[in-house]
Amino acid sequence: PATGSASSHDTFDSLHFDGTMPPFVLPDVLSSWPAAEIMAVVQSSGGGLWRFGTHSIAEGGSTLHPAVEDGLIHEDFGTDHLITIPPWVPLDRWHVVNIVSSPGDRRFWLDGLLHLAEAQSTVSFPSRPLIGDNGAGRPFKGRLATLVLWSRVLSDAEREAALRYVHTRYGVIAPPPPVARLVVTPSDTEAALSWDAPFPGQPGIFSIERQSGAEPWTEIAMVTNNIGYLDTGLSPGTTYGYRVRCR
């Protein structure tokens, strides 16, 4: 078994991986789970953070966070399909990783910002889950402050509560980058919105909110991988305000 070393460089304890030690081997529990969600607080210099998926070891194994070859996150939590994700925050500082895997639902958050949302047909977890290696002899180099696994998918309220706790306990969640150059082109009953994504070329999910007069801000739409929206059915002569946020 791995032994890891405790570290208290910050105001909280963490487990230090030096890039050479053997991984922690967990009991065979996950392989019977129909769905799962994970949340972890990590500081990384690269390598195999864990093996909680079943992507072929012969083809490179599971999670690299990040891969030293390309600087991308390689992730297969709860599936045999490996995805690559460009990180929007520096991974060598403390950050939060949150992933959902269930039939028809695969999502990945980094510091509370949703980077991926897609459908998946099957869920598969390994019978020999690991922490500190991706199963292909790629040991992790970095620190792990906390890791929580749920045998189900959290509700939005539960997930937000967990993120609030993480932010309070570790102070590690960066605010989502704002969208840039929001342009509103009005007509009598419509308003065409366009904006620049904070990380061009990467997937994005955006919440569009509208306000009229003294009314509260209300979410009117959520768009995925798009940087425009047409708001229809407006009342002529009424002033509307808009804001767009990353999700």
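Computed from a predicted structure; not experimentally measured. Residue indices begin from 1 for each chain and proceed along its sequence in written order. The predicted origin of the model limits local features to residues at a pLDDT of at least 70 and limits the giving and counting of side-chain atom pairs to 80 or more, whereas totals for whole chains, interfaces and linings rest on all residues. By convention in this description, side-chain values take in all heavy atoms of the structure and omit both hydrogens and water.

Trainee: How should the packing of aromatic side chains be read in this particular structure?
Mentor: Each aromatic ring pair is specified by the distance between its two centres and by the angle formed by the two planes. Between rings of Phe, Tyr and Trp, where Trp is taken as its six-membered ring, a pair exists when centres lie within 6.5 Å; planes separated by under 30 degrees are stacked, by over 60 edge-to-face, and by other angles tilted. Counting across every chain of the model gives eight aromatic pairs. Measuring from centroid to centroid gives 4.8 Å for Phe12 and Tyr170, while their planes differ by 90 degrees, and the two rings are edge-to-face. In this pair, Phe12 is assigned in the loop between β1 (5–7) and β2 (14–18) and Tyr170 in helix α1 (residues 156–170), connecting sequence segments 158 residues apart. Residue burial is assigned from relative accessible area. The probe radius is 1.4 Å, only protein chains are included, and a residue is buried under 20% of its type maximum, exposed over 50%, and partly exposed in between. On the basis of relative accessibility, which here comes to 13%, the residue Tyr170 falls in the buried class. An aromatic cluster of three or more residues is present, and its members are Trp50, Phe52, Phe77 and Phe125. In this text, helices come from DSSP runs of H or I with a minimum length of four residues, and strands from runs of E with a minimum of two, each type numbered from the N-terminal end.

Trainee: What exactly am I supposed to notice about the pattern of salt bridges here?
Mentor: Between side chains of opposite charge, a pair can form as their charged atoms come close. A pair is scored as a salt bridge if a Lys or Arg side-chain nitrogen falls within 4 Å of a carboxyl oxygen belonging to Asp or Glu. Taken as a whole, this structure holds ten salt bridges when the rule is applied. With a shortest N-O distance of 2.7 Å, Arg210 and Asp231 are connected by a salt bridge. Placement of Arg210 in strand β15 (residues 205–212) and of Asp231 in strand β17 (residues 228–231) is noted, with a sequence separation of 21 residues between them. Residue class for Asp231 comes out buried when judged on its relative accessible area of 4%. One salt-bridge network, held together by shared partners, links Glu37, Asp156 and Arg159.

Trainee: Whenever I open this one, the sheet that holds strand β5 (residues 50–51) confuses me. Can you help?
Mentor: Strand pairing in a sheet is mediated by backbone hydrogen bonds. Such pairs are either parallel or antiparallel. A pair of strands counts as paired when DSSP detects no fewer than two bridges linking them. Ordered in space as β3-β11-β5, the three strands form an open sheet in which the pairing is antiparallel. Edge positions in the sheet fall to β3 (24–25) and β5, since each of these pairs with one other strand and no more.

Trainee: Just to check I follow, could you spell out the nonpolar core for this structure?
Mentor: One broad rule of soluble globular proteins: the nonpolar side chains tend to lie buried together. Residues belong to a common nonpolar core when they are buried Ala, Val, Leu, Ile, Met, Phe, Trp, Tyr or Cys residues joined through side-chain atoms within 4.5 Å. One finds Trp50, Phe108, Leu110 and Trp195 to be the most contacted residues of the largest nonpolar core, which totals 40 residues. The element that contributes the greatest number of residues to this core is strand β4 (residues 36–46), accounting for four residues. Among all residues touching Leu110, those that are not within four sequence positions of it are Ile73, Pro87, Trp88, Val89, Leu91, His95, Val96, Val97 and His115. Here a residue-residue contact requires only that any non-hydrogen atoms of the pair lie within 4.5 Å.

Trainee: Looking at this structure, I do not really get unusual backbone geometry. What am I missing?
Mentor: Comment: phi is negative for the bulk of residues other than glycine, and the bulk of peptide bonds are trans. Of the consecutive residues His65 and Pro66, the connecting peptide bond is found in the cis state with omega at -5 degrees. Mapped onto the secondary structure, Pro66 falls in the loop between β5 and β6 (73–75). Of note, Asp111 is a non-glycine position whose phi angle comes to about 55 degrees, a positive value. By the element assignment, Asp111 lies in the loop between β9 (105–110) and β10 (113–118). With a relative accessible area of 1%, Asp111 lands in the buried category.

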